[in-house]
Amino acid sequence: MKDATHPDPGDDAAAVPDAIIAEAAARLDKGEIVALPTETVYGLAARADDAEAVARIYAAKGRPSFNPLIVHVPDGAGARRLVNVGHRATLLMDRFWPGPLTLVLPARDPSPLAPAVRAGLPTIAVRCPAHPVMRAVLARCAAPLAAPSANRSGGVSPTCAAHVRDSLGENVPMIVDGGPTRAGLESTIVAIRDRGWSMLRPGPVTGAAIAELLGPATGESSKGIEAPGQLSSHYAPGKPVRLNASHAEEGEFLIGFGAVRGDFDLSPGGDLVEAGSRLYDALHRASHAAKERIAVAPIPDEGIGAAINDRLRRAAF
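All values derive from a computational prediction rather than experimental measurement.

What counts as what
- Every residue gets a number counted from 1 within its own chain, in the order that chain's sequence is written.
- In keeping with the model being predicted, local features are shown solely for residues with a pLDDT of at least 70 and side-chain atom pairs are shown and tallied solely at 80 or more, while totals for entire chains, interfaces and linings include all residues.
- As a convention, hydrogens and water are excluded, and side-chain values are obtained from all of the structure's heavy atoms.
- Whether a residue is buried, partly exposed or exposed follows from its accessible area with a 1.4 Å probe, protein chains only, as a fraction of its type maximum: under 20%, in between, or over 50%, in that order.
- Strands are runs of DSSP state E lasting at least two residues, helices are runs of H or I lasting at least four, and both sets are numbered from the N terminus onward.
- What the arc describes is the spread of directions from the helix axis to the C-beta atoms.
- Any pair of residues with heavy atoms lying within 4.5 Å of one another is described as a contacting pair.
- Two strands make a pair as long as DSSP finds a minimum of two bridges between them.
- Working definition: rings of Phe, Tyr and Trp (its six-membered ring) pair if their centres are within 6.5 Å, and the pair is stacked with planes under 30 degrees apart, edge-to-face with planes over 60 apart, and tilted otherwise.
- Looking at any residue, its pLDDT shows the predictor's confidence there, from 0 to 100.

J.: Any details on helix H9 (residues 207-214)? Residues and values, ideally.
T.: Ala209, Ile210 and Leu214 are the residues of H9 that are buried. All buried residues of H9 lie within an arc of 120° about the axis, which places them on one face of the element. Structural note: H9 exposes Ala208 and Glu212 on the side pointing more than 90 degrees away from its buried face. Against helix H5 (87-96), strand E4 (101-106), strand E7 (188-193) and strand E8 (196-201) lie the buried residues of H9. Positioned one or two residues after H9, Gly215 has a phi angle of 85°, which is positive.

J.: Explain the pairing of strand E12 (residues 293-296) to me, using residue names and the numbers behind them.
T.: Relative to E12, strand E9 (residues 241-242) runs parallel, the two being bridged by two bridges. Paired with Val241 across the bridge in E12 is Ile294. In terms of strand pairing, strand E10 (residues 252-256) meets E12 through four bridges, oriented parallel. Bridging from a neighbouring strand, Leu254 pairs with Ala295 of E12.

J.: Explain the packing of aromatic side chains to me, using residue names and the numbers behind them.
T.: For any pair of aromatic rings, the description consists of the separation of the ring centres together with the inter-plane angle of the planes. Scanning the entire structure with this criterion turns up one aromatic pair. Taken together, a centroid distance of 5.9 Å and an interplanar angle of 25° make the contact between Tyr235 and Tyr280 stacked. Placement of Tyr235 in the loop between H9 and E9 and of Tyr280 in helix H10 (residues 272-288) is noted, with a sequence separation of 45 residues between them. By the burial criterion, Tyr235 is buried, and Tyr280 matches it.

J.: So what's going on with the confidence of the model for the protein? Which residues, and what values?
T.: Here the protein averages 92 in pLDDT, and 94% of its residues register 70 or above. Confidence drops under pLDDT 50 across residues 1-11; counting only partners more than four residues distant or on other chains, this segment forms 25 contacts.

So, in C-alpha cells, the structure goes:
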C-alpha cells in the first residue's frame with residue numbers, strides 16, 4: 001500500500017543542483033521570496049523573522065492579512081524555539097515528522113517571528129517538511145521559513161513549477177523546480193488544545209492515524225481562523241463545480257474517479273492516495289479547458305478521501 005504519511009521523495013534532491021539550493025537560500029536570507037517544492041504542494045517561502053519579507057508573500061499572493069502562515073522548520077528543535085511543545089505534540093512530531101503534518105501550538109514569547117506570520121493569534125502553525133529540496137534549503141537558511149502555497153490566494157494550489165508560473169508569474173523572482181509533488185494535498189493541520197486536539201484541515205495524515213496516538217478528537221475549536229485553509233471558499237478553479245457527478249452534462253469537464261471515467265481521471269483504479277496526488281493537476285486542467293463548467297465524480301469520504309472532499313467542497317463553494 002502507498003504511504004501517504006511519508007511520501008517517497010524519489011530523486012527530487014538529486015535533480016536540483018547544489019548551486020540552485022545555495023542561490024535559493026541566499027535569496028531568502030536577503031529577504032526575497034522563493035517558490036520551493038514540498039512533498040505536499042509548492043510553497044512561496046520567505047524568512048519568517050523578516051517583516052518585509054513576509055509582507056512580500058502576502059502581496060504576491062493577494063492574501064488577506066487575517067490568514068496566518070505555516071512556519072517550516074528543519075526539525076523538532078527548530079519548532080521548540082518557536083512554540084511550546086507538550087507531551088501530545090511530541091508524540092505527533094516523533095511519529096509524523098518530517099512529513100505533511102502541521103501543528104498549531106502556543107507561541108513562545110517573546111517571539112522571533114514577524115507579527116504577520118501569526119496574524120494576531122497566540123499560536124503558531126509549525127511543520128517539518130519531508131521534501132529533500134525544501135529540507136536542503138532550510139538547512140542553509142539563517143531562519144525558519146514561512147511558506148503558504150505558491151498561488152494566488154483562494155486559487156488552486158500548485159503541484160508543479162508550471163502551476164506556480166501560471167498563477168504568480170513575475171511576482172516570484174525564483175522558482176526552484178523539484179518536479180511534481182508527491183502527496184498533492186496540503187498538510188494536515190491539527191491544533192493541540194488544553195484538553196485534547198482538533199482537526200483544522202484534513203490532509204495526508206488522517207484523523208484516524210492521529211487518534212491512534214492521542215485518542216478521539218475533542219471537537220473543541222475557536223470561532224475564527226486559526227490556520228490556513230479554513231476559508232469557506234478556497235482552492236477555486238474559476239468555474240462552477242458540480243460534485244458527486246456520475247456523468248458529464250453538456251459543457252462540463254468531468255474529473256473521473258474509479259468506475260466513473262472522465263476527461264481526466266484522478267485514479268481509474270479507485271486509489272485515494274493517487275487521487276489526492278492528482279487532484280490539483282485535474283483542477284488546473286479543468287480550469288484551462290474550453291468547457292465552461294466542471295463536474296467531479298463521487299469520492300469516498302474515508303482516509304485521504306476526507307481531505308480530497310474538503311478541498312472539493314471549498315472549490316465548489
